[in-house]
Amino acid sequence: MSQGNLILREPEYEAFLSILRKLLADASAKVVFLVDKNGTLLASVGDAVGFDTTSLASLAAGNIAATGGLANLIGEKEFSILFHEGERDNMHLSVVAERLILVVVFDRRSSVGLVRLRVRQATARLAAVMAVAVAASDAEQGGVEELTEADIESLFK
Amino acid sequence: MSFINYSSREINCKIVYYGPGLCGKTTNLQFIYKRMNPEARGKMISLATESERTLFFDFLPLSLGEIRGFKTRFHLYTVPGQVFYDASRRLILRGVDGVVFCADSQLTRVDANEESMENLRVNLREQGYDPDRLPLVLQYNKRDLPNVASLAELHALLNRRNVPEYEASATTGIGVFETLKAVIKLVLIDLKRGGRQ
Ligand SMILES: Nc1nc2c(ncn2[C@@H]2O[C@H](COP(=O)(O)OP(=O)(O)OP(=O)(O)O)[C@@H](O)[C@H]2O)c(=O)[nH]1
Ligand SMILES: [Mg+2]
């Protein structure tokens with residue numbers, strides 16, 4: 001884990017959003033989230049009202065991490081796709097570009113097969129955007145360089 | 001690895017509370033949750049056993065206001081301290097920006113503290129971190145109990161790096177916010193330096 005900080009800028013953020021919006025429509029999904037593997041929410045589209053998105057992001061990351069640990073125990077690298085079936089809603093989680101998790105929530109208006117197909121298509125496009133974001137982050141280390149001790153102190157006033 | 005989102009102008013950092021079983025990690029988060037302004041904190045999630053031992057992690061998101069136009073968010077996690085949950089501890093350390101090592105001051109827990117500190121160092125190294133450089137704060141918890149080790153003893157056993165250290169009694173909240181504030185400061189200073197590579 002010696003990667004630097006990930007810095008997400010406006011153009012990449014917008015690119016992520018537009019891919020998520022297309023996925024939402026194409027897969028007839030209810031909500032789509034993009035989360036980093038540490039559990040931070042990057043972007044969401046669809047009807048996310050009523051969802052605690054912060055908790056969701058953290059648990060999705062915990063879920064991928066735990067099954068990844070299981071995978072290692074049987075000699076697999078990770079389980080890159082997880083599917084949870086509920087009574088009403090289902091959840092599809094998949095790893096994108098090694099560092100991100102794509103979460104799709106859908107009900108019976110869609111199907112696992114359709115979601116899986118659309119996710120596969122979206123994954124390649126998300127990975128391309130992520131590559132740009134990572135390259136930009138590396139060029140930009142120390143993104144908040146103007147931060148002073150006084151700034152930090154001000155948080156605790 | 002902190003995550004900086006320029007479009008929503010947010011800085012996200014991950015802080016992990018580490019330490020032996022029953023030292024009071026979950027109690028720290030519960031106290032922070034209780035005392036924090038509801039607008040500044042999200043829901044606390046505890047993945048625990050029926051006997052309230054942490055099974056996978058506790059999670060508490062905080063948003064502490066802005067610096068230089070950036071909202072600052074801190075995700076607090078605890079690890080499960082029981083020795084046999086080591087695989088879970090390693091997973092939770094991924095992407096960590098700063099660690100609070102919570103020690104149990106009771107004399108009977110001296111060995112458990114040392115083992116847990118060593119375990120932290122091993123697991124950090126395994127994740128590609130330098131355990132001598134990652135932002136770290138020590139908390140000597142349960143100072144309210146009788147039969148506790150002296151500060152000098154705890155310091156000698158656990159604080160080889162000479163990082164900031166605080167006495168605490170997490171059930172009543174003594175030292176809890178001092179510890180949190182200290183680790184947040186170290187994390188932000190580290191971020192300013194551009195993180196460790
Ligand atoms: N007297 C006293 N008891 C404490 C203090 N802090 C925690 N405790 C108690 O110690 C017990 C264990 O606390 P937890 O916070 O659950 O411990 P933990 O470190 O999360 O334990 P694991 O989840 O097993 O790793 C609880 O009964 C707490 O009330 C303290 O400062 N003083
Ligand atoms: Mg606990």
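Note that the structure is a prediction, hence the values are computed from the model and not measured.

1. Examining the environment of Gly 50 of chain A
Residues and elements named next belong to chain A.
Right, so step 1: With respect to the element layout, Gly 50 can be found in the loop between strand E3 (41-46) and helix H2 (53-73).
Right, so step 2: Its relative accessible area of 78% is what places Gly 50 among the exposed residues.
Right, so step 3: For the pair Gly 50 and Leu 8, spaced 42 residues apart in sequence, the C-alpha to C-alpha distance is 26 Å.

2. Considerations on the nonpolar core
Right, so step 1: Of all hydrophobic cores here, the largest spans 34 residues; its most connected members are Ile 15, Ile 32, Phe 74 and Leu 76 of chain B.
Right, so step 2: Listing elements by their share of this core, those giving two or more residues are strand E2 (10-18), helix H1 (25-35), strand E4 (54-67), strand E5 (70-78) and helix H5 (176-192) of chain B.
Right, so step 3: If you tally residues by element for this core, the top one is H5 of chain B, at 9 residues.
Right, so step 4: Counting 29 residues, the second largest nonpolar core, distinct from the first, contains Ala 43, Val 119, Leu 126 and Ala 133 of chain A.

3. A short note on the state of the cysteines
All names here are of chain B.
Right, so step 1: Under the counting rule described, the total for this entry stands at 0 disulfides over all chains.
Right, so step 2: The thiol of Cys 23 is unpaired, and the distance to the nearest cysteine sulfur, on Cys 102, comes to 3.5 Å.
Right, so step 3: Given the relative accessible area of 0%, Cys 23 is considered buried.
Right, so step 4: By relative accessible area, which is 0% here, Cys 102 ends up buried.

4. Side note on unusual backbone geometry
Right, so step 1: Positive phi values are uncommon outside glycine, yet Ser 28 of chain A reaches one of about 50°.
Right, so step 2: Phi angles above zero are rare outside glycine, and Ala 97 of chain A is one such case at about 50°.

5. Notes on the packing of aromatic side chains
Residue and element names in this part refer to chain B.
Right, so step 1: Counted according to the given criterion, the structure contains 7 aromatic pairs over all chains.
Right, so step 2: Measuring from centroid to centroid gives 5.3 Å for Phe 57 and Tyr 77, while their planes differ by 70°, and the two rings are edge-to-face. Taken as a pair, Phe 57 in strand E4 and Tyr 77 in strand E5 lie far apart in primary sequence, 20 residues in all. The pair formed by Phe 57 and Tyr 77 is uniform in burial state, with each residue classed as buried.

Quick notes on the rules
Residues numbered from 1 in each chain as written. Chains lettered and ligands numbered in written order. Predicted model: local features only at pLDDT ≥ 70, side-chain atom pairs only at ≥ 80, totals over all residues. Heavy atoms only, no water. Helix = DSSP H or I, 4+ residues; strand = E, 2+ residues; numbered from the N terminus. Buried < 20%, exposed > 50% of the residue type's maximum accessible area, 1.4 Å probe, protein only. Core = buried A, V, L, I, M, F, W, Y, C linked by side-chain atoms within 4.5 Å. Disulfide = S-S within 2.5 Å. Phe/Tyr/Trp six-rings, centres within 6.5 Å; stacked < 30°, edge-to-face > 60°.

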